[in-house]
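Topology and contacts: notes
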Amino acid sequence: MGKNAALDKLSREELLELIDIYAKNWLALDGVWFQSIERTEGMDAAMYHDGQAWERFTAIEAKRLKAFLGLGEHPGLEGLEKALSLRFYANLNEATAEYADGALIYTMKKCRVQTARERKGMPWHPCKSVGLVEYAGFARAIDERIACECLSCYPDVADDTCCCKWAFRLQEAGKE
């Protein structure tokens, strides 16, 4: 693996700023390709391709974070919470994680994607179907025993105090 010598010259503050820039650039690329398909082929086609991309990407991201954090094979909900806090877009959005009734409840309070679409006068991204692929896939890659449930996500909003809300539960062996 090559190393960029320019990074050695940066201060900690500059490296943190660069992480933020990288995350914004990644999110911009995600939005640009999505909007290109949305404009030319329509929302259904864009959502299909978005789901396909997230199915693959989320597992890659989760496996790399799992290794980076040294989580082991079955890190449970605590391991998932650690990994969620380090996702590529974690510093761009405002999210909380809390435990209730044996579940990890992950709430996206502010979402940069929805904020950007709203600012541009675009309709909200109907992210629930892709969110199910993304969050369930991420959780399973961290620990295959974890199941994901959508509590609120556009267009099925049950909690208007947030952009989306997800519950993660550790399933018993042999149960779904």
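Bear in mind the structure is a predicted one, so any value in this text is a computation, not a measurement. (Residues numbered from 1 in each chain as written. Predicted model: local features only at pLDDT ≥ 70, side-chain atom pairs only at ≥ 80, totals over all residues. Heavy atoms only, no water.)

1. Observations concerning the nonpolar core
Counting 35 residues, the largest nonpolar core has Leu80, Leu84, Met108, Tyr135, Phe138, Trp166 and Phe168 as its most contacted members. For this core, the secondary-structure elements that each account for two or more residues are helix 2 (12-41), helix 3 (43-69), helix 4 (76-84), strand 2 (103-110), helix 6 (128-142), strand 3 (146-153) and strand 4 (164-170). Ranked by residues supplied to this core, first place goes to helix 6 with six residues. With sequence-adjacent residues up to four places away left out, Phe138 is seen in contact with Thr58, Glu61, Ala62, Leu65, Leu80, Ala83, Leu84 and Arg87. (Core = buried A, V, L, I, M, F, W, Y, C linked by side-chain atoms within 4.5 Å. Buried < 20%, exposed > 50% of the residue type's maximum accessible area, 1.4 Å probe, protein only. Helix = DSSP H or I, 4+ residues; strand = E, 2+ residues; numbered from the N terminus. Contact = heavy atoms within 4.5 Å.)

2. Let's talk about the packing of aromatic side chains
Scanning the entire structure with this criterion turns up 11 aromatic pairs. Through a chain of ring-to-ring contacts, the aromatic side chains of Trp26, Trp54, Phe57, Phe88 and Tyr89 assemble into a single cluster. The ring of Tyr135 is capped by Arg87, whose NZ or CZ atom sits 5.7 Å from the centre of that ring. The aromatic ring of Phe138 is capped on one face by Arg87, whose charged end is 4.2 Å from the ring centroid. (Phe/Tyr/Trp six-rings, centres within 6.5 Å; stacked < 30°, edge-to-face > 60°. Lys NZ or Arg CZ within 6 Å of the ring centre and 35° of its normal.)

3. Remarks on a positive patch on the surface
Together, Arg39, Arg112, Arg119 and Lys120 make up a region of like positive charge exposed at the surface. Topologically, Arg39 is positioned in helix 2. (Patch = residues over 30% accessible without salt bridge, like charges linked within 9 Å, V, L, I, M, F, W, Y side chains within 5 Å. Areas by Shrake-Rupley, 256 points an atom, 1.4 Å probe, with all protein chains shown as cover. Salt bridge = Lys/Arg side-chain N within 4 Å of Asp/Glu carboxyl O. Lys, Arg positive; Asp, Glu negative; His and termini not counted. Charge placed at Lys NZ, Arg CZ, Asp CG, Glu CD.)

4. Considering the packing of helix 2 against helix 5 (residues 112-119)
Axis separation between helix 2 and helix 5 bottoms out at 11 Å; the angle between their running directions is 55°. When the axes of helix 2 and helix 5 are compared, the pair comes out oblique. Note that helix 2 runs across helix 5; the crossing there is right-handed. On helix 5, the residues touching Lys24, Leu27, Phe34, Gln35 and Glu38 of helix 2 are Arg112, Val113 and Arg117. In terms of residue class, the contact of helix 2 with helix 5 is made up of three nonpolar, one polar and four charged. (Axes fitted to C-alpha atoms, helices over the stretch in contact; angles between N-to-C directions. Parallel < 35°, antiparallel > 145°, perpendicular 65-115°, else oblique. Left-handed = near helix turned anticlockwise from the far one by under 90°. Nonpolar A, V, L, I, M, F, W, Y, C, P; charged D, E, K, R; others polar.)

5. Details of helix 2
For helix 2, with 30 residues, the first-to-last C-alpha span of 43 Å sits near the 44 Å given by 1.5 Å per residue. Along helix 2, the residues that are buried comprise Leu18, Ala23, Trp26, Leu27, Asp30, Phe34, Gln35, Ile37 and Glu38. Directly after helix 2, the chain includes Gly42, whose backbone phi takes a positive value near 100°. (Expected span 1.5 Å × (residues − 1).)

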